[in-house]
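Commentary on secondary and tertiary structure
Each chain is listed here by its residues.
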Amino acid sequence: MSQATNLTLISRRYCHLCAEMEAALAPLLADFGVALDVLDVDADPALEALYDELVPVLLHERRELCHYFLDESKVRDYLSKIG
């Protein structure tokens, strides 16, 4: 996997699902050498308009991989294909 590969987690501070998804992502990030950018949906009106009720949302280059809960097998398969 290229070191340039980044996933983006659209999150909010007080969201327990967001914290759970971020923690669940840690092993996948390590396995694939992927970086994670965490963006606060409440800090950006454009993000809030798109993702407000869907957080947490996991993206790769604007492609939604999952929301609410980590779909580990789907994300693992996706990362294997793009790697």
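Note: the structure precedes this text.
**Examining the pairing of strand 3 (residues 57-60)**
The alternating pattern of strand 3 places V57 and L59 and L58 and H60 on opposite faces, both of which are buried. By the bridge criterion, three bridges tie strand 1 (residues 6-11) to strand 3 in an arrangement that is antiparallel. Across the sheet, I10 pairs through a bridge with V57, a residue of strand 3. In textbook terms, the turn of a hairpin is the stretch between consecutive antiparallel strands, and for strand 3 and strand 4 (residues 63-67) this stretch comprises two residues, one of which, E61, has a positive phi near 50°.

**Examining the pattern of salt bridges**
In this structure the tally under the stated criterion is four salt bridges. Salt-bridge contacts for D42 lead to R12; the nearest nitrogen and oxygen are separated by 2.7 Å. Taken together, the residues span a long stretch of sequence, with D42 in the loop between strand 2 (35-40) and helix 2 (45-51) and R12 in the loop between strand 1 and helix 1 (16-32) at a distance of 30 residues. The partly exposed category is assigned to D42, whose relative accessible area is 35%. A relative accessible area of 10% places R12 in the buried class. One network of salt bridges, in which partners are shared, links R12, D42 and D52.

**A few points about the nonpolar core**
L7, M21, L25, L58, L70, V75 and L79 are the most contacted members of the largest nonpolar core, which has 15 residues in total. Elements with a minimum of two residues in this core: strand 1, helix 1, strand 4 and helix 3 (72-82). In terms of residue count, helix 1 provides more of this core than any other element does, five residues in total. Beyond its immediate chain neighbours, meaning those up to four positions away, M21 contacts L9, P56, L58, C66, H67, Y68, F69 and L70. The next biggest cluster of nonpolar side chains, apart from the first, holds ten residues, and it includes I10, Y51, V57 and L59.

Rules of the game
Residues numbered from 1 in each chain as written. Predicted model: local features only at pLDDT ≥ 70, side-chain atom pairs only at ≥ 80, totals over all residues. Heavy atoms only, no water. Buried < 20%, exposed > 50% of the residue type's maximum accessible area, 1.4 Å probe, protein only. Helix = DSSP H or I, 4+ residues; strand = E, 2+ residues; numbered from the N terminus. Pairing = 2+ DSSP bridges. Salt bridge = Lys/Arg side-chain N within 4 Å of Asp/Glu carboxyl O. Core = buried A, V, L, I, M, F, W, Y, C linked by side-chain atoms within 4.5 Å. Contact = heavy atoms within 4.5 Å.

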